[in-house]
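A structural walkthrough
The primary structure of each chain is shown beneath.
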Amino acid sequence: MGEPVLVLGGGIGGLTLALSLHQAGIACQVFEAAPQVRPLGVGINLLPHGMRELTELGLQERLAQLAVETKELCFYNRYGQFIYQEPRGRFAGYDWPQLSIHRADLHQVLLDAVRERLGYDAVALNMKCIRVEEKPGGVAARFEDGAVVEGRCAIGADGIHSAVRRQLFPDEGAPAYQGINMWRGVTRMKPFLTGASMAVAGWLAVGKMVIYPIRKDLDGAGRQLVNWVAEIQSPRHVQQDWNLGGRIEHFYPTFEKWRFDWLDCAALIRNAEQVLEYPMVDRDPLPYWTRGRITLLGDAAHPMYPRGSNGAGQAILDARVLTGCLARHASPEHALKEYEERRLKAVNDLVLMNRTNPPDAILREVWQRSGDKPFARIEDVIAVSELAALSEDYKRVAGFERESLARRGSLV
């Protein structure tokens, strides 16, 4: 199998890459900066394009046991009035499901699979990479503890604060904050709507919420673990950290009157067992990711606003495309360059679309055209065909338009 590919980062993208490389018969080693694996974050969505890749890795059944298979995506205004609904995943005719899952559950499934298939020591913890250097015929990764590891090539999968990206672009500066803050939480409660619905309500200027279940039947009484995100235009700018604690009083007043026929959002927030706070940040698209035998993957390459359930999915696609390129090319330099050519423009376009016209642009249009007032009929505000077009445009750019996804060959 030769010298290993060095995977610098043991998150969703890095672990998916390790599983994919192993599937393709390519040796690799994963290095994770954290000293121990601990539950991080709250809910995450796996759309059909990401689930196609995880299914090819043999993980769909494990994930489905822990997740909720999403049936529909529903949009409402801040008064709880219905705007638009569409089926999702297999309920929309895809060959693969859309799964809503706790980020910690997804990470654990990936980590367990890597350790089962590649060996327990395939993921080295407490290994914070500080620099990668090219050498004749390979690379050398230098770590904070003084260790140096050599390999065939190095993949910076080390997240939004990537050391590898900083090495390639030392003058880039901090992630870009555009004035939107998020508070995320999980609440144990009885199911709402279908029990497998994702609901998005309001708009950023007046408060917006995204709500969906991520674990089913917790206690035999039918209660679910429901993930929610509250988003507000705000001058607050906290550090991007998947485990930063948040305080309800900083945002609850915006939502305390949100009591709808289909859900009491105020009670949902009050009853949360965990609240985290994040700024909504991304980075400007890069002109390149690759230098010789070094490249970037996932949030290290293209952090994006979490407004299309797409960050994890794009990291998974990166991992699969990169594996296919490494399997086809004897030269790592050629493989990494082809990976960049296949992924860079496509995902950069998505980063920009997440700033301007992600799926929740539906809410922006209704908010603007209704003057933030209740309406008698949504058709008096905007045509349903226009709402559907906004959704379909996003699927096309993000790579999960149904017919195209069904037609394309395997990435690996």
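Residues numbered from 1 in each chain as written. Predicted model: local features only at pLDDT ≥ 70, side-chain atom pairs only at ≥ 80, totals over all residues. Heavy atoms only, no water.

1. Considerations on the state of the cysteines
For the structure shown, the criterion picks out zero disulfides. Take C265: it sits in no disulfide, and the sulfur closest to it among the cysteines is that of C74, at 13 Å. On the basis of relative accessibility, which here comes to 0%, the residue C265 falls in the buried class. A disulfide-free cysteine, C325 has its sulfur positioned 11 Å from the sulfur of C153, the nearest such atom. (Disulfide = S-S within 2.5 Å. Buried < 20%, exposed > 50% of the residue type's maximum accessible area, 1.4 Å probe, protein only.)

2. Overview of the sheet that holds strand β10 (residues 138-143)
In any sheet, the strands associate via hydrogen bonds between backbone groups, in a parallel or an antiparallel arrangement. In spatial order, the strands read β9-β10-β11; together these three strands make up an open sheet with antiparallel pairing. Looking at the sheet topology across the chains shown, the edges are occupied by β9 (129-135) and β11 (148-151). The mean angle between the axes of side-by-side strands here comes to 20 degrees, regardless of whether they run parallel or antiparallel. Where β10 lies against β11, four bridges are found, and the strand directions are antiparallel. Within β11, the position partnered with V139 by the bridge is G151. (Pairing = 2+ DSSP bridges. Helix = DSSP H or I, 4+ residues; strand = E, 2+ residues; numbered from the N terminus. Axes fitted to C-alpha atoms, helices over the stretch in contact; angles between N-to-C directions.)

3. Looking at the packing of aromatic side chains
Taken as a whole, this structure holds 14 aromatic pairs when the rule is applied. Measuring from ring centre to ring centre gives 5.9 Å for Y76 and F82, while their planes differ by 75 degrees; the resulting arrangement is edge-to-face. Among the residues examined, Y76 registers a relative accessible area of 6% and is labelled buried. Residue F82 is classed as partly exposed on the basis of its relative accessible area, which comes to 43%. Here the aromatic rings of W228 and F251 are separated by 5.8 Å at their centres, their planes lie at 40 degrees, and the arrangement is tilted. Pair noted here: W228 is in strand β16 (residues 224-233) and F251 is in the loop between β16 and α6 (252-255), with a separation of 23 residues, a long-range link. F251 shares its class with W228; the two are buried. Its guanidinium or amino end placed over the ring of Y120, R115 lies 4.1 Å from that ring's centre, counting from NZ or CZ. (Phe/Tyr/Trp six-rings, centres within 6.5 Å; stacked < 30°, edge-to-face > 60°. Lys NZ or Arg CZ within 6 Å of the ring centre and 35° of its normal.)

4. Describing the sheet that holds strand β17 (residues 274-282)
Taking strand neighbours across the sheet as the criterion, the seven strands line up as β6-β5-β14-β15-β16-β13-β17 in an open arrangement whose pairing is mixed. Strands at the two margins of the open sheet, each flanked by one partner only, are β6 (82-87) and β17. The mean angle between the axes of side-by-side strands here comes to 20 degrees, regardless of whether they run parallel or antiparallel. In the sheet, strand β13 (residues 176-189) pairs with β17 via eight bridges, with the strands oriented antiparallel. Looking at β17, one finds that V186 is bridged to Q274. Sheet contacts for helix α10 (residues 361-370): β5 (72-76), β6, β14 (197-203) and β15 (207-215); angle to β14, the most-contacted strand, approximately 40 degrees. (Contact = heavy atoms within 4.5 Å.)

5. Side note on the nonpolar core
Counting residues in hydrophobic clusters, the biggest one holds 79 residues, and the most contacted among them are L54 and L63. In contact with L63, not counting residues within four places along its chain, are L46, M51, L54, L99, I101, L106 and V109. Of all hydrophobic cores here, the second largest spans 31 residues; its members include I180, V206, I214 and L390. (Core = buried A, V, L, I, M, F, W, Y, C linked by side-chain atoms within 4.5 Å.)

Interpretation note: all reported values are geometric properties and have no functional meaning in isolation.
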